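Chain residues, written in single-letter form:
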Amino acid sequence: LQLAQSGGGLVQPGGSLRLSCTAERFPLDYNSIGWFRQAPGKEREGVACISSRSSNTNYADSVKGRFTISRDNAKNTVYLQMNSLKLEDTAVYYCAADPVLFRQCVLLGREYEHWGQGTQVTVSS
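So, here is what we can say about the structure in this document.

Rules used throughout
- Each residue is numbered by its place in its chain's sequence as written, counting from 1.
- pLDDT decides what is reported in this predicted model: residues at 70 or higher carry local features, side-chain atom pairs at 80 or more are listed and counted, and totals for whole chains, interfaces and linings draw on all residues regardless.
- The side-chain values count all of the structure's non-hydrogen atoms but skip hydrogen atoms and water molecules.
- Strands here are runs of E lasting at least two residues and helices are runs of H or I lasting at least four, both read from the DSSP assignment and numbered beginning at the N terminus.
- Each radius of gyration is computed over the set of C-alpha atoms, and the globule rule expresses the reference value as 2.2 Å times the number of residues to the power 0.38.
- Buried means the residue's accessible area, taken with a 1.4 Å probe over protein chains only, is under 20% of the maximum for its type, while exposed means over 50%, and partly exposed covers the values in between.
- Contacts are assigned to residue pairs that have any heavy atoms within 4.5 Å of one another.
- For the accessible areas, the method is Shrake-Rupley and the probe is 1.4 Å, while residue cover comes only from the protein chains on display.
- Candidate patch residues must exceed 30% relative accessible area and have no salt bridge, after which like charges are joined if within 9 Å and Val, Leu, Ile, Met, Phe, Trp or Tyr side chains if within 5 Å.
- Should a side-chain nitrogen of Lys or Arg be within 4 Å of a carboxyl oxygen of Asp or Glu, the pair is scored as a salt bridge.
- Whether two strands pair depends on DSSP finding at least two bridges between them.
- In this description, a disulfide is simply a cysteine sulfur pair whose atoms lie within 2.5 Å.

Points about the overall build of the protein chain
Consideration 1: Check the secondary structure of the protein chain and you find zero helices and eleven strands.
Consideration 2: Listing the helices and strands of the protein chain from first to last along the sequence gives β-β-β-β-β-β-β-β-β-β-β.
Consideration 3: A compact globule built from 125 residues would reach a C-alpha radius of gyration of about 14 Å, and the protein chain, at 13 Å, matches this within 12%.
Consideration 4: With the C-alpha coordinates of the protein chain rotated into their principal frame, the extents come out at 40 × 25 × 25 Å.
Consideration 5: Counting the 125 residues in the protein chain, one finds 43% classified as buried.
Consideration 6: Across the protein chain, the fraction of contacts at a sequence separation of at least 24, relative to all contacts at a separation of at least 6, is 59%.
Consideration 7: Of the accessible surface of the protein chain, which amounts to about 6400 Å², a share of 47% is contributed by carbon and sulfur atoms.

Structural data, given as structure tokens:
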């Protein structure tokens, strides 16, 4: 299973970006998918996750009300819509798949395997 990410880039504070995470030739329907980020000099942080069949979602307190995770199983893609971006959202963002099928998602990186390649999100004026 290889995850491919797209999206990201440079945006001003208050702006929006959408990240995408998909897999070729492997259905993601049955896996929880998480988004994580790592800023320079900081530890990796769980941002949002979504369980298989969108049964539940979890968000870090720092992004609640601003970020939305969703999945489109027809496109085999999970999205992270990021609105009202702040300077402190600057980081490399990664998606990852939980290898245990149908497990409720958690924001713990150790529960995930099959990481995406990472994409830079820079919020700057």
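Some remarks on a nonpolar patch on the surface
Consideration 1: A contiguous nonpolar surface patch, about 280 Å² in accessible area, is contributed by Tyr30, Leu101 and Phe102.
Consideration 2: Residue position: Leu101 is located in the loop between strand E9 (91–97) and strand E10 (113–115).

Side note on the pairing of E9
Consideration 1: Most of E9 sits inside the fold, with five of its seven residues counted as buried.
Consideration 2: Note: strand E4 (residues 33–38) against E9, six bridges, orientation antiparallel. Residue pairing in the sheet places Phe36 in a bridge with Tyr94 of E9.
Consideration 3: With three bridges joining them, E9 and strand E11 (residues 119–123) adopt antiparallel strand pairing. Looking across to E11, one finds that Val92 is bridged to Gln120.
Consideration 4: Pairing of E9 with E10 involves two bridges; the strand directions are antiparallel. In the strand pairing of E10, Ala96 is matched with Trp115.

Some points on the state of the cysteines
Consideration 1: For the structure shown, the criterion picks out two disulfides.
Consideration 2: What pairs with Cys21 in a disulfide is Cys95, and their sulfur atoms sit 2.1 Å apart. Looking down the S-S bond of the Cys21 and Cys95 bridge, the torsion is 75°, so its handedness is right-handed. With Cys21 in strand E3 (residues 17–23) and Cys95 in strand E9, this pair connects stretches of sequence that are 74 residues apart. Residue Cys21 shares its accessibility class with Cys95, and that shared class is buried.
Consideration 3: Once the bonded cysteines of the protein chain are numbered in order along the sequence, the disulfide links fall as 1-3, 2-4.

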